[in-house]
Amino acid sequence: MKKLASKVALVVKGVHVIPMGMANAFLIEGDDGLTLIDAGFPGKEAAVFGAIRGLGRSLDQLKHLIFTHGHPDHIGSAAGIVRETGARTYMHPLDIPMAESGGPFRPIKAAPGLLPRVLCKLLFNPDERLEPVAIDQPLTAGELLPIAGGIEVIHTPGHCAGQVALLWRPGRMLFAGDVCTNVMGLGDPIGFESLQEGRASQYKLASLSFDAAGFGHGGPIARDASTRFRDKWCKKSPA
Ligand SMILES: [Zn+2]
Ligand SMILES: [Zn+2]
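An account of the accompanying structure is given in this report. (Residues numbered from 1 in each chain as written. Chains lettered and ligands numbered in written order. Predicted model: local features only at pLDDT ≥ 70, side-chain atom pairs only at ≥ 80, totals over all residues. Heavy atoms only, no water.)

### Concerning helix H7 (residues 225-233)
In plain terms, the rule: Each residue is placed in one exposure class: buried if its accessible area under a 1.4 Å probe, protein chains only, is under 20% of its type's maximum, exposed if it is over 50%, and partly exposed if it falls in between. In this description a helix means any DSSP run of H or I spanning at least four residues, a strand means any run of E spanning at least two, and both kinds are numbered starting from the N terminus. The arc refers to the directions leading from the helix axis to the C-beta atoms. In what follows, a contact means two residues having at least one pair of non-hydrogen atoms within 4.5 Å.
Inspection of H7 places Ala225, Ser226, Phe229 and Trp233 among the buried residues, and these make up the whole buried set. One side of H7 holds all its buried residues, which, seen down the axis, span an arc of 95°. Contact partners of the buried residues in H7: strand S12 (173-175), strand S14 (186-187), helix H6 (195-206) and strand S16 (212-214).

The structure is reproduced here in structure tokens:
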């Protein structure tokens, strides 16, 4: 993996991380065209268009836009991206009302600790208003989407009731959304709708087997990612 941060980088063969302003989106190259996971903060459409063109592709080759959840930092640029590409959109039903209204957003409570309390106030505003984005297809827990060779939908509520993690089977890469972050190592997101459900979702992901992992916030992990998850969440008893 190339050192990430401010520009598009390859994580594993076929997957590129796109920095979307303190949040990440991911572009998967499949035989059936391109798939985007999440759509970052508002006003970041150009980062996605640049990444697509950088692969020598045209914008209409973006066929699918799958959201891990409906928070503003994951759907912010969605409407503009869909307008230019015509991509089909996917989201868990519990979050669709937030995306299709463009706000307000269900509140979250800061994760345990002082830093999350500060960051949560700073970065999450439930009263934010965004350009709404229509969702074409609701996601079902446990389904295998016939996209890019197979993407498994894992319902992972807690941070957000309609959050899903996505396991891209051909590349054994997990897209964890905000189930956890990888900013200073694996850790909590800034807040939760339900801390208890959020912990359960972290354990659920730690029980899976995958090689690479991508996060809404923080750097991706290119290999042995599920071992890192197990070390973080399975070596002590649940809090
Ligand atoms: Zn979130
Ligand atoms: Zn986020």
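### Section: the coordination of the zinc ion (ligand 2)
How we decide: The donor definition counts N, O and S atoms within 2.8 Å of each metal and applies 3.2 Å to Na, K and Ca; water is not among these atoms, so some sites may look incomplete. Irregular is the label for any site that misses the other tests, which are tetrahedral for four donors with all angles between 85 and 135 degrees, and square planar for four donors or octahedral for six when opposite donors exceed 155 degrees and the remaining angles lie between 65 and 115.
Bound to the zinc ion (ligand 2) on the protein side are Asp73 (OD), His74 (NE2), Asp178 (OD) and His217 (NE2), at distances that span 2.1 Å. Angles of 85 to 152° at the metal separate the 4 donor atoms of the zinc ion (ligand 2), which places the site in the irregular class. Read in sequence order, the donor residues for the zinc ion (ligand 2) give the motif D-H-x103-D-x38-H.

### What about the side chain of Asn182?
Here is the rule we go by: N or O atoms within 3.5 Å of each other form a polar contact, as long as, within protein, one can give a hydrogen and the other can take it, and as long as residues adjacent in sequence are counted only when both atoms are side-chain atoms.
Within the secondary structure, Asn182 sits in strand S13 (residues 181-182). Polar contacts involving the side chain of Asn182 include one to the main-chain amide nitrogen of Leu186, which spans 3.5 Å. At 2.8 Å, the side chain of Asn182 forms a polar contact with the backbone oxygen of Gly219.

### Things to note about the environment of Leu119
Tracing the chain through its elements places Leu119 in helix H5 (residues 114-123). Each C-alpha atom of the pair Leu119 and Leu205 lies 24 Å from the other, and the pair is 86 residues apart in sequence. Here Leu119 is in contact with Phe124 and Ile190, once residues within four sequence places are set aside.

### Things to note about the packing of aromatic side chains
Cut-off, in case you're wondering: The rule is short: rings of Phe, Tyr and Trp, with Trp giving its six-membered ring, pair when the centres are within 6.5 Å, and they are stacked under 30 degrees, edge-to-face over 60, tilted in between.
Counting across every chain of the model gives 4 aromatic pairs. Between Phe210 and Phe229, the aromatic rings sit 5.1 Å apart at their centres with planes inclined by 90°, giving edge-to-face as the arrangement. A residue pair is termed long-range when its members are at least 10 positions apart, and Phe210 in the loop between H6 and S16 and Phe229 in helix H7 qualify at 19 residues. Given the relative accessible area of 1%, Phe210 is considered buried.

### Describing the coordination of the zinc ion (ligand 1)
Six octahedrally arranged donors around a metal ideally form angles of 90 or 180 degrees; four tetrahedrally arranged donors ideally form angles of 109.5 degrees. Protein coordination at the zinc ion (ligand 1) comes from His69 (NE2), His71 (ND1), His159 (NE2) and Asp178 (OD), with a distance range of 2.1 to 2.4 Å. Geometry at the zinc ion (ligand 1) is irregular, judged from its 4 donor atoms and the angles of 89 to 172° they form at the metal. Metal-to-metal, the separation of the zinc ion (ligand 1) and the zinc ion (ligand 2) is 3.4 Å; Asp178 coordinates the two. Residue His71 is found in the loop between strand S5 (62-66) and helix H2 (72-75), and its partner His159 is found in the loop between strand S10 (151-155) and strand S11 (164-168); the two are separated by 88 residues along the sequence. Side by side, His71 and His159 carry an identical accessibility label, which is buried.

### Structural notes on the pattern of salt bridges
Applicable threshold: Here a salt bridge means any side-chain nitrogen of Lys or Arg lying within 4 Å of a carboxyl oxygen belonging to Asp or Glu.
Taken as a whole, this structure holds 7 salt bridges when the rule is applied. Across the pair Glu29 and Arg57 runs a salt bridge, and its minimum N-O distance is 3.6 Å. Here Glu29 is found in strand S3 (residues 24-30), whereas its partner Arg57 is found in the loop between helix H1 (45-54) and S5, with 28 residues between them in sequence. What makes Glu29 partly exposed here is its relative accessible area of 27%. The exposure class assigned to Arg57 is partly exposed, which follows from its relative accessible area of 22%. A salt bridge links Arg106 to Asp95; its shortest N-O distance comes to 2.7 Å. With Arg106 in the loop between helix H4 (96-101) and strand S7 (109-110) and Asp95 in the loop between strand S6 (88-91) and H4, this residue pair connects regions lying 11 residues apart in the sequence.

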